Amino acid sequence: MGTRERGMGEKAGRIDRPGRLSVVLSTQPARFEAVAFKGDFEGNLARIAGFGYDGVELAVREPALLDPEDVWAKVTAAGLEVPAIGTGQAWGEEKLSFTDPSAHVRGAAIARVKGHVPLAARLNATIIIGLLRGIVQPGVDRDQAMDWLVSALQECCDAAGDAGVRLALEPINRYETTLINTASQGLALLDAVGAANFGLLLDTFHMNIEEPSITDSIRQAGDRIFHFHVADSNRWHPGAGHLDFPAILRTLFATGYKGYVSGEFMPMPDAETAALHAIKHLHESGAVMIDKRDTSVASTV
Ligand code: LER
Ligand code: MN
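Calculation rules
Residues numbered from 1 in each chain as written. Chains lettered and ligands numbered in written order. Predicted model: local features only at pLDDT ≥ 70, side-chain atom pairs only at ≥ 80, totals over all residues. Heavy atoms only, no water. Near = heavy atom within 4 Å. Polar contact = N/O pair within 3.5 Å; in protein donor to acceptor, adjacent residues only side chain to side chain. Areas by Shrake-Rupley, 256 points an atom, 1.4 Å probe, with all protein chains shown as cover. Helix = DSSP H or I, 4+ residues; strand = E, 2+ residues; numbered from the N terminus. Buried < 20%, exposed > 50% of the residue type's maximum accessible area, 1.4 Å probe, protein only. Salt bridge = Lys/Arg side-chain N within 4 Å of Asp/Glu carboxyl O. Expected span 1.5 Å × (residues − 1). Contact = heavy atoms within 4.5 Å. Core = buried A, V, L, I, M, F, W, Y, C linked by side-chain atoms within 4.5 Å. Donors = N, O, S within 2.8 Å, 3.2 Å for Na, K, Ca; no water. Tetrahedral: all angles 85-135°; square planar, octahedral: opposite > 155°, others 65-115°.

## Some thoughts on the site of ligand 1
Surrounding ligand 1, one finds Phe32, Leu131, Glu170, Ile172, Glu176, Asp203, His206, His229, Arg235 and Glu264. Contact distances for ligand 1 include 3.1 Å between an oxygen atom and a side-chain N or O atom of Asp203. Between Arg235 and ligand 1, the recorded distance is 2.8 Å, taken from a side-chain N or O atom to an oxygen atom. For ligand 1, the accessible surface in isolation is 260 Å², of which the surrounding protein chains cover 90%.

This is how it looks when you write it as structure tokens:
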């Protein structure tokens, strides 16, 4: 295993680790509890790089408040990459969604996702469609909600595709949404939308609740996995619960997945301990080593 060439912000003694790892960082204060890092953007970038992560997944409520060049410069100065941008705060804080009965709200949700495209293009990041898809609201027919969802996603995929940006739909457990809880429902939605730049984000926390077998569902999703979230069964860091991360990561990398493994877990017992334990446990779980220069698999632990 050789050391990797890194750009600005390289830290002495930094060595290969399993896959490329990122952790979620909110660009502004947020209520969502499974984000270990919030506020003090540059300070958190430095801390996260110092823990040994390769990247940060940014949780962004309103991209219009950010300058893509400024974000890119700060992330790059810290020696980090941004594999993905989360959009769910627009639902959590503003209740924007693709499936709201109000055409005005649906339009605002679509505009918000399109607003993420310049930032995602600058950062070479995938745009995550999580809770922004919404729920089947009272008085709305499920087929109607699905029609709104499919056409909103087609419009967003078109806009993102023009800029070379990908979107990833995240199946989310039944306690948070009534629309798309499982990987197979996600795959059916991908087929309905029919866009090459549209894939899945699988999250081990949600999968543990909804999938009969996490590894079978990873295999089923295969090369349509665009991004991957890790938290343990209790939504603490990997290693704090009962999920089998060696089997999960082995299966994920066997699909040919070369993207980031991104930590979305609660800051328990605190953010630093969680971030450090996550790296250690994922390493001990025997993931594959990925060479950042060409993103090909370099060796297997
Ligand atoms: C977002 O990635 C997620 O996993 C959801 O649980 C957000 O509530
Ligand atoms: Mn997630």
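## Here's the deal with unusual backbone geometry
In this chain, Met268 is followed by Pro269 through a cis amide linkage whose omega measures 0°. Assignment of secondary structure puts Pro269 in the loop between strand S9 (260–263) and helix H10 (271–284). Although it is not a glycine, Asp40 sits at a positive phi angle of roughly 35°. Its relative accessible area of 59% is what places Asp40 among the exposed residues. Even without a glycine there, the phi angle at Arg235 is positive, about 65°. With respect to the secondary-structure elements, Arg235 resides in the loop between strand S8 (225–230) and helix H9 (245–254). Using a relative accessible area of 7% as the deciding quantity, one classes Arg235 as buried.

## Re the pattern of salt bridges
Overall, the coordinates contain 15 salt bridges when judged by the stated rule. Measuring nitrogen to oxygen at the nearest pair gives 2.9 Å for the salt bridge that ties Asp191 to Arg224. Pair noted here: Asp191 is in helix H6 (residues 183–193) and Arg224 is in the loop between helix H8 (214–221) and S8, with a separation of 33 residues, a long-range link. With its nearest N and O atoms 3.1 Å apart, the salt bridge here joins Arg235 to Glu264. Linking Arg235 in the loop between S8 and H9 with Glu264 in the loop between S9 and H10, this pair joins segments that are 29 residues apart in sequence. We note that Arg235, like Glu264, is buried. Linked by salt bridges that have partners in common, Arg61, Glu62, Glu94 and Arg112 make up one network.

## Describing helix H4 (residues 103–123)
With 21 residues, H4 ought to run about 30 Å at 1.5 Å a step, and its terminal C-alpha atoms sit 31 Å apart, in line with that. Every buried residue of H4 is accounted for by Val105, Arg106, Ala109, Ile110, Arg112, Val113, His116, Val117, Leu119, Ala120 and Leu123. Asn124 sits one or two residues past H4 and shows a positive phi near 55°.

## A closer look at the environment of Leu131
Residue placement: Leu131 occurs in the loop between strand S5 (126–129) and helix H5 (142–162). Leu131 gets classed as buried once you look at its relative accessible area, which sits at 18%. Residues Leu131 and Leu169, spaced 38 residues apart in sequence, show a C-alpha to C-alpha distance of 9.4 Å. Residues in contact with Leu131, not counting those within four places in the same chain, are Trp91, Ile172, Glu176 and Thr177.

## What to know about the nonpolar core
Counting residues in each nonpolar core, the largest one holds 83 residues, and the members touching the most others are Tyr53 and Phe98. Considering every element that reaches this core, the biggest residue donor is H5, with nine residues. Ranked by size, the runner-up nonpolar core spans five residues in total, among them Ala84, Ile128, Ala168 and Leu201.

## Looking at the coordination of the manganese ion (ligand 2)
On the protein side, the manganese ion (ligand 2) has Glu170 (OE), Asp203 (OD), His229 (ND1) and Glu264 (OE) as donor atoms, found 2.0 to 2.3 Å from it. Here the manganese ion (ligand 2) binds six donor atoms, and the angle range of 70 to 175° at the metal identifies the geometry as octahedral. In primary sequence terms, the donor set of the manganese ion (ligand 2) follows E-x32-D-x25-H-x34-E. Of the two residues, Asp203 is situated in strand S7 (residues 198–203) and Glu264 in the loop between S9 and H10; the sequence distance between them amounts to 61 residues. Summarising the burial analysis for this pair, Asp203 and Glu264 share the class buried.

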